[in-house]
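Single-letter residue listing:
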Amino acid sequence: MSGILNSSVGRKFAMALSAFFLMVFLLQHFAINILSVFSPDTFNEVSHFMGTFWAVQYILQPILIFGVIFHFVMGFILEARNRSARKISYAKNTGGANSTWMSRNMLLSGLVILAFLVLHFIDFWIPEINTKYIQGDMSGLLADGEGYRYYEELHHKFESPLRVGAYVLAFVLLCLHLLHGFGSAFQSVGANNKYTKGLKGFAKVYAIGIPLGFVFIALYHHFNH
């Protein structure tokens with residue numbers, strides 16, 4: 001593995017694989033969270049299963065955390081290597097003529113998304129770990145014992161307009177990040193063939209649709225308080 005990461009092509013390939021992995025997780029995360037809009041009971045049931053099933057908690061969750069850390073660290077490394085490689089000073093900077101704003105600011109959007117992930121962990125993951133593994137309450141029930149707590153906790157988090165605004169901003173930047181990142185990931189794994197047009201179309205639908213879906217969830221819960 002270290003041998004692969006020693007080359008520029010290997011690092012980009014590894015970055016692309018981690019990106020695809022996180023995209024699959026994001027889709028799964030959205031599929032669960034959208035249930036909170038249409039069926040709170042189903043959302044509670046699915047959330048309790050995901051939060052207590054041993055394979056999710058002790059295998060998939062550590063893999064996910066590693067994937068997130070690896071993707072961001074690799075992104076910083078690639079950006080640093082790219083900057084150090086730009087030794088030539090051009091007489092004329094054509095800026096957006098040769099690249100999009102997003103392609104030139106992937107690190108910036110990545111840092112904002114990373115800050116959002118920290119907020120998300122503080123909002124949901126850390127309290128969940130505290131409840132289950134420190135307090136030892138694996139029941140998933142509300143304090144009064146009347147049903148599961150997951151929907152109520154999610155609904156309550158989106159009461160604050162500042163928190164909702166932070167979520168919306170993060171997902172708008174995630175959309176821009178994905179619009180460029182998806183195409184770069186396909187290119188890094190050599191997916192340039194007769195299916196390229198279809199892949200690009202799918203990438204646009206995913207990059208716009210999933211973040212907008214999360215924005216809809218946040219706004220739905222905020223305006224239904």
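See the structure printed just above.
The notes below deal with the structure included here.

**As for helix α7 (residues 106–134)**
Then, in step 1: Largest kink in α7: about 45°, centred on Phe121.
Then, in step 2: For α7, the full list of buried residues reads Met106, Ser109, Gly110, Ile113, Phe116, His120, Asp123, Glu128, Thr131 and Lys132.
Then, in step 3: Note on α7: the residue one or two positions beyond its end, Gly136, has a positive phi of about 80°.

**Quick look at the pattern of salt bridges**
Then, in step 1: Scanning all chains against the criterion turns up four salt bridges.
Then, in step 2: For Lys132, the salt bridge goes to Glu128, with nearest N and O atoms at 3.8 Å. Pair noted here: Lys132 and Glu128 are both in helix α7, with a separation of four residues, about one helical turn. Judged on exposure class, the residue Lys132 and its partner Glu128 are both buried.
Then, in step 3: Put simply, Glu128, Lys132, Arg149 and Glu153 are held in one network by salt bridges that share partners.

**Things to note about the packing of aromatic side chains**
Then, in step 1: For the coordinates displayed, the defined rule picks out 17 aromatic pairs.
Then, in step 2: Plain terms: the ring middles of Phe216 and Tyr220 are 6.2 Å apart, the flat faces sit at 40° to each other, and that makes the pair tilted. Residue Phe216 and its partner Tyr220 are both found in helix α10 (residues 196–223); the two are separated by four residues, about one turn of the helix.
Then, in step 3: Note on Phe216: relative accessible area 41%, which makes it partly exposed.

**Considering helix α8 (residues 150–157)**
Then, in step 1: Every buried residue belonging to α8 is among Tyr150, Tyr151, Leu154 and His155, and all of these are buried. An end-on view of α8 places all buried positions within 125° of arc, on one side of the element.

**Considering a nonpolar patch on the surface**
Then, in step 1: A cluster of nonpolar side chains, Phe21, Phe49, Phe53, Trp54, Tyr58, Ile59, Leu60, Ile63, Tyr133, Ile134 and Met138, forms an exposed patch at the surface whose accessible area comes to about 1100 Å².
Then, in step 2: Among the elements of the structure, α5 (54–85) and α7 are those that each provide at least two residues to the nonpolar patch.
Then, in step 3: Residue contributions to the nonpolar patch peak at five residues, all from α5.
Then, in step 4: With respect to the secondary-structure elements, Ile63 resides in helix α5.

Reading the values: the criteria
- Residues numbered from 1 in each chain as written.
- Predicted model: local features only at pLDDT ≥ 70, side-chain atom pairs only at ≥ 80, totals over all residues.
- Heavy atoms only, no water.
- Bend = angle between axes of the 7 residues up to and from the residue.
- Helix = DSSP H or I, 4+ residues; strand = E, 2+ residues; numbered from the N terminus.
- Buried < 20%, exposed > 50% of the residue type's maximum accessible area, 1.4 Å probe, protein only.
- Salt bridge = Lys/Arg side-chain N within 4 Å of Asp/Glu carboxyl O.
- Phe/Tyr/Trp six-rings, centres within 6.5 Å; stacked < 30°, edge-to-face > 60°.
- Arc of directions from axis to C-beta.
- Patch = residues over 30% accessible without salt bridge, like charges linked within 9 Å, V, L, I, M, F, W, Y side chains within 5 Å.
- Areas by Shrake-Rupley, 256 points an atom, 1.4 Å probe, with all protein chains shown as cover.

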